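Read off the chains here:
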Amino acid sequence: MTKILFLEDDTNLNETVTEFLEDSGYRVDSVYDGEEAEEKLYENSYDLLLLDVNVPGINGFELLKNSRENNNKTPAIFLTSLNSMDDLSDGYESGCDDYIRKPFELKELLLRVQTLLKREFFHSKKEFIKIDENIQYDTSNNALHVDGKEVQLQNKEAILLKLFLQREDEVISHEVILSTLWGYDEVASDSALRTYIKKLRKIIGKQRIISVKKLGYKFTLS
């Protein structure tokens, strides 16, 4: 399940947005001040950061800036009543991916969240991800190259490889993988998933895709 860290010091808004996002299928860790948010970021891994700016303790700009300096690439959206171009500039310079001004409609927030989560590689300066001496992944066009030649993957194989590369060294649950590969109008298949895993292992090495019993899979470059 997609996991969101939500920082908002307004109690009513925090509760309303948290309930709305949870009803929309997301797992939400909601906090009310910058220090608590910083602790959560240190202790947990998230798929999205939803941050108010003017909060007690560390403000949202500083929180995200510090997080980016520590190589946290999690996509982030600021929620704020600040309106000036300087504020907008400060937000993007601190490393955010989107910016929503208060007050906002919950449906708009959901649309922004969904759109951002569909993006691919966040805050990565690498155009190529080196898998081994002869294999690399081109993040600009999502292409896998072996010995300098592009390898043609089936659509779901390519989506799966991209998911592994985005979440390196994380245990990705079967649920997350199946929901990523198959849309709402498709029937997910465990047997097909095993076939895709087998194909990728043949190309990039069996040792890189680790089966974690009863949990899912973990991809590693080490």
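Residues numbered from 1 in each chain as written. Predicted model: local features only at pLDDT ≥ 70, side-chain atom pairs only at ≥ 80, totals over all residues. Heavy atoms only, no water.

Trainee: Talk me through the pattern of salt bridges; I want residue IDs and the actual numbers.
Mentor: Side-chain pairs of opposite charge can arise where the charged atoms are in close proximity. Following the criterion strictly, the structure yields 9 salt bridges and no others. Close ionic contact of Arg68 with Asp97 constitutes a salt bridge, the shortest N to O distance being 3.5 Å. Taken together, the residues Arg68 in helix 3 (residues 60–69) and Asp97 in the loop between helix 4 (85–93) and strand 5 (98–101) connect sequence positions 29 residues apart. Since its relative accessible area comes to 13%, Asp97 is described here as buried. (Salt bridge = Lys/Arg side-chain N within 4 Å of Asp/Glu carboxyl O. Helix = DSSP H or I, 4+ residues; strand = E, 2+ residues; numbered from the N terminus. Buried < 20%, exposed > 50% of the residue type's maximum accessible area, 1.4 Å probe, protein only.)

Trainee: Break down helix 3 for me, with residues and values.
Mentor: Spacing of three or four residues puts side chains on the same side of an α-helix, whose turn is 3.6 residues. Buried residues of helix 3: Gly60, Phe61, Leu63, Leu64, Ser67 and Arg68, and no others. Looking down the long axis of helix 3, one finds its buried residues gathered within 165° of arc, a one-sided arrangement. By the N-cap criterion, in which a side-chain oxygen at the helix start approaches the backbone nitrogen of a residue two or three places on, helix 3 is capped by Asn59, the distance to Phe61 being 2.9 Å. In the segment just after helix 3, Asn71 is the residue with positive phi, at about 70°. (Arc of directions from axis to C-beta. Polar contact = N/O pair within 3.5 Å; in protein donor to acceptor, adjacent residues only side chain to side chain.)

Trainee: Kindly report on the sheet that holds strand 7 (residues 135–138), identifying the contributing residues and their values.
Mentor: Here we have 4 strands laid out as an open sheet, ordered 6-7-8-9, and antiparallel in their pairing. Two strands bound the open sheet, and with one partner strand each, they are strand 6 (128–132) and strand 9 (149–151). Taking the axes of each pair of neighbouring strands and ignoring which way they run, one obtains an average angle of 35° across the sheet. As defined by bridge partners, strand 7 adjoins strand 8 (residues 143–146) across 4 bridges and the pair is classed as antiparallel. Paired with Ile135 across the bridge in strand 8 is Val146. Its contacts with the sheet put helix 6 (residues 155–166) on strand 6, strand 7 and strand 8, and the angle it makes with strand 7 is roughly 95°. Across the sheet, helix 8 (residues 190–204) is in contact with strand 6, strand 7, strand 8 and strand 9; its angle to strand 8 comes to roughly 45°. (Pairing = 2+ DSSP bridges. Axes fitted to C-alpha atoms, helices over the stretch in contact; angles between N-to-C directions. Contact = heavy atoms within 4.5 Å.)

Trainee: An account of the sheet that holds strand 10 (residues 171–173) is needed here, citing residue identities and associated values.
Mentor: The 3 strands lie next to each other as 10-12-11, forming an open sheet whose pairing is antiparallel. At either end of the open sheet lies a strand with only one pairing partner, and these are strand 10 and strand 11 (209–212). Each neighbouring strand pair of the sheet contributes to a mean axis angle of 30°, computed without reference to strand direction. Sheet topology note: the strand 11/strand 12 (residues 216–219) ladder contains 4 bridges and is antiparallel. By the bridge assignment for strand 12, Ile210 is matched with Lys218. The strands touched by helix 6 are strand 10, strand 11 and strand 12; relative to strand 12, the strand with the most contacts, the crossing angle is about 65°. The sheet contacts of helix 8 involve strand 11 and strand 12, and relative to strand 11 the element is tilted by about 145°.

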